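Given next are the chains, with one letter for each unit.
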Amino acid sequence: MKTLQKILTDFFLQTSHTANMVQRFPYTLIFKTTHYCWNNCPHCCESAGANMPKEYIPTTIIQDYIKQATNDPNFSKNLVFTGGEVMSAYKYHNEANYAKKLLNMGLDNGCSVDIKTNAGWTITPMRDKIFDDLVDVLSTHSISSFRLIPMQVSLSLDRFHPHSMQKNIKFITEMSHRQKNSSLVINISSFEQDVDMIEKLLDNLRSTFNDVHPMIAFGGTMNDTRPAPQSTMWSVNGNIVLRFSIGTLFDGGRAKNIENAYHTPTPQFSFLAPGNPPQLLMAFDSFGNVTLGENSGKKITVPWRNRNGTLRPLNNIRQDLIIQAGKEEALYVFKETNRRVAVSIENDIKNILNLFRIRKR
């Protein structure tokens with residue numbers, strides 16, 4: 001099997017541009033820790049929700065793959081923890097301090113970490129436990145001479161997540177009041193149609209904090225002009241840094257039912273995050289799959305565990321992803337060639353029929 005894998009890998013690396021990208025580009029590890037979520041948002045690209053199983057990737061498995069990745073020169077040292085709703089583990093998973101363990105193992109291995117949450121837990125009895133864990137991570141890893149640690153919390157601000165404005169305000173306010181010795185970066189993602197919610201969020205924060213201002217590189221403020229809220233970073237109360245990202249609503253998962261969702265003709269090839277150089281997105285999910293690209297839809301996917309449940313080595317997974325990428329590209333080229341030939345034949349037939357009608361007249 002290893003010999004066949006090597007033969008296929010070498011073949012596709014010689015013939016496939018996509019396979020070469022999978023091999024050469026630095027990669028980010030994404031862990032979709034669960035597909036369970038207490039929301040059933042109509043736009044969810046993962047089709048996550050309350051009807052999904054309450055299963056979570058154990059921290060021991062995540063730690064194993066992080067350690068393997070840190071020995072790989074292609075690993076970008078960027079980690080993302082997401083779901084479903086990762087914080088639901090505090091209620092339904094048997095591992096205590098789940099998010100705290102994930103963040104600490106990433107930071108302890110010299111990685112930058114991003115944890116994505118819808119912040120619905122901020123209005124539940126779990127709130128104090130989760131806030132305490134996040135503050136403890138910040139306190140453990142802050143350095144007095146450089147207070148901004150490589151950790152980010154990502155929230156959603158849009159019309160689809162229930163009460164997202166209130167939850168964002170609650171999270172930002174509580175984190176600012178609870179932690180004092182470090183700065184936390186909070187990324188707030190929205191859609192092009194919901195940009196006005198960003199200004200409303202900032203207005204709400206201004207009513208709570210005296211110190212809310214846009215930031216420029218190397219510190220300082222911008223007093224001469226008022227930039228678009230989403231075009232810059234913002235400082236809140238001196239210990240929160242807000243950054244905004246505006247995305248496009250793609251038609252993956254349940255979003256396929258939304259009228260204005262953007263259609264991606266070839267989602268299996270949408271697996272690079274922007275940057276210099278761009279980074280490969282390699283996502284492990286709680287169903288036992290590794291996918292190129294973070295969002296659902298037709299993707300390039302291989303298993304991360306064998307049929308007997310044992311973990312597959314990261315190197316083998318990457319080799320299989322190279323092979324699958326090569327196969328997908330070959331299949332796409334084959335189908336596209338057939339489509340063009342069919343269109344050409346159809347046009348030729350139409351031209352012949354039109355010529356026949358002209359002569360018949």
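Just so we're clear, the structure is a prediction, and the values are computed from it rather than from any experiment. (Residues numbered from 1 in each chain as written. Predicted model: local features only at pLDDT ≥ 70, side-chain atom pairs only at ≥ 80, totals over all residues. Heavy atoms only, no water.)

A.B. asks: Would you take a moment to explain the nonpolar core for this structure?
C.D. replies: It is characteristic of soluble globular proteins that their nonpolar side chains tend to be buried jointly. Core analysis: the biggest nonpolar cluster contains 82 residues, and Phe81, Met151, Phe171, Leu242 and Phe284 have the highest contact counts within it. The residues contacting Phe171, other than those within four sequence positions of it, are Trp121, Thr122, Phe131, Leu134, Val153, Leu155, Leu184 and Ile186. (Core = buried A, V, L, I, M, F, W, Y, C linked by side-chain atoms within 4.5 Å. Buried < 20%, exposed > 50% of the residue type's maximum accessible area, 1.4 Å probe, protein only. Contact = heavy atoms within 4.5 Å.)

A.B. asks: Before we go on, may I ask you to explain the packing of aromatic side chains in this structure?
C.D. replies: The geometry of two aromatic rings is summed up by the distance between their centres and the angle between their planes. Counted under the stated rule, the structure contains 14 aromatic pairs. Chaining the aromatic ring pairs together yields one cluster made of Phe31, Tyr65, Phe81, Phe284 and Trp304. If you follow Lys54 out to its NZ or CZ, it ends over the ring of Tyr92, 4.9 Å from the centre. The lysine or arginine in question, Arg305, covers the ring of Trp304, its NZ or CZ lying 4.8 Å from the ring centre. (Phe/Tyr/Trp six-rings, centres within 6.5 Å; stacked < 30°, edge-to-face > 60°. Lys NZ or Arg CZ within 6 Å of the ring centre and 35° of its normal.)

A.B. asks: Which parts of the structure should I look at to understand the packing of helix H6 (residues 127-141) against helix H7 (residues 164-178)?
C.D. replies: Geometry of a packed helix pair, given as the angle between the helix axes and the separation of the axes. At a minimum axis separation of 10 Å, H6 and H7 run at an interaxial angle of 55°. Our classification of the angle between H6 and H7 gives oblique. Taken as a pair, H6 and H7 cross one another with a handedness that is right-handed. From H6, Arg127, Asp128, Phe131, Asp132, Leu134, Val135 and Leu138 reach across to H7, where they touch Lys170, Phe171, Glu174, Met175 and Arg178. (Axes fitted to C-alpha atoms, helices over the stretch in contact; angles between N-to-C directions. Helix = DSSP H or I, 4+ residues; strand = E, 2+ residues; numbered from the N terminus. Parallel < 35°, antiparallel > 145°, perpendicular 65-115°, else oblique. Left-handed = near helix turned anticlockwise from the far one by under 90°.)

A.B. asks: Please explain unusual backbone geometry as it appears in this structure.
C.D. replies: A negative phi angle characterises most non-glycine residues, just as the trans form characterises most peptide bonds. Following Gly83, the chain continues into Gly84 via a peptide bond in cis, with omega recorded as 15°. Counting through the fold element by element, Gly84 comes out in the loop between strand S2 (75-82) and helix H4 (89-92). In this structure, Pro277 follows Asn276 across a cis peptide bond, with omega equal to 0°. With respect to the helices and strands, Pro277 occurs in the loop between strand S9 (272-273) and strand S10 (279-285). With a phi angle near 55°, Asn97 is a residue other than glycine that sits in the positive phi range. Unlike most non-glycine residues, Asn237 shows phi in positive territory, near 60°. Looking at where Asn237 falls in the secondary structure, it is placed in the loop between strand S7 (233-236) and strand S8 (240-247).

A.B. asks: Is there a simple way to think about helix H8 (residues 196-208) in this case?
C.D. replies: Side chains that are three or four residues apart share a direction in an α-helix, a result of its 3.6 residues per turn. Relative to the 18 Å expected for 13 residues at 1.5 Å per residue, H8 spans 19 Å between its end C-alpha atoms, a close match to the ideal helical length. Among the residues of H8, those classed as buried are Met197, Ile198, Leu201, Leu202 and Leu205. The buried residues of H8 occupy one face: seen down the axis, they fall within an arc of 140°. The elements touched by buried residues of H8 are H7, strand S5 (183-191), strand S6 (212-215), S7 and S8. (Expected span 1.5 Å × (residues − 1). Arc of directions from axis to C-beta.)

A.B. asks: I tried to follow the side chain of Thr18 on my own but got confused; where do I start?
C.D. replies: The residue Thr18 is located in helix H2 (residues 17-24) in this model. With a relative accessible area of 7%, Thr18 lands in the buried category. With sequence-adjacent residues up to four places away left out, Thr18 is seen in contact with Phe269, Phe271, Ala325 and Glu329.

A.B. asks: I'm lost on the pattern of salt bridges in this one. Help?
C.D. replies: Tallying each qualifying case throughout the model produces 22 salt bridges. For Lys32, the salt bridge identified is with Glu46, shortest N-O distance 3.0 Å. In this pair, Lys32 sits in strand S1 (residues 27-32) while Glu46 sits in the loop between S1 and helix H3 (59-70), placing the two residues 14 residues apart along the sequence. Accessibility expressed as a relative area gives 5% for Lys32, which makes it buried. For Glu46, a relative accessible area of 13% translates into the label buried. Ionic contacts of the salt-bridge type, sharing partners, join the residues Arg127, Asp128, Asp132, Lys170, Glu174 and Arg178 into one network. (Salt bridge = Lys/Arg side-chain N within 4 Å of Asp/Glu carboxyl O.)

A.B. asks: Teacher, can you tell me more about the environment of Thr60 here?
C.D. replies: Of note, Thr60 is situated in helix H3. With 287 residues separating them along the chain, Thr60 and Asn347 place their C-alpha atoms 59 Å apart.

A.B. asks: Just to check I follow, could you spell out the packing of H7 against H8 for this structure?
C.D. replies: Between H7 and H8, the least distance of the axes is 11 Å, while the angle of their chain directions is 40°. By the angle between their axes, H7 is oblique relative to H8. H8 is crossed by H7, and the crossing has right-handed handedness. Touching Ser164, Met165, Asn168, Ile169, Ile172 and Thr173 of H7 are Met197, Lys200, Leu201, Asn204, Leu205 and Thr208, all from H8.

Everything listed here is a matter of coordinates, which is why it stays silent on function.
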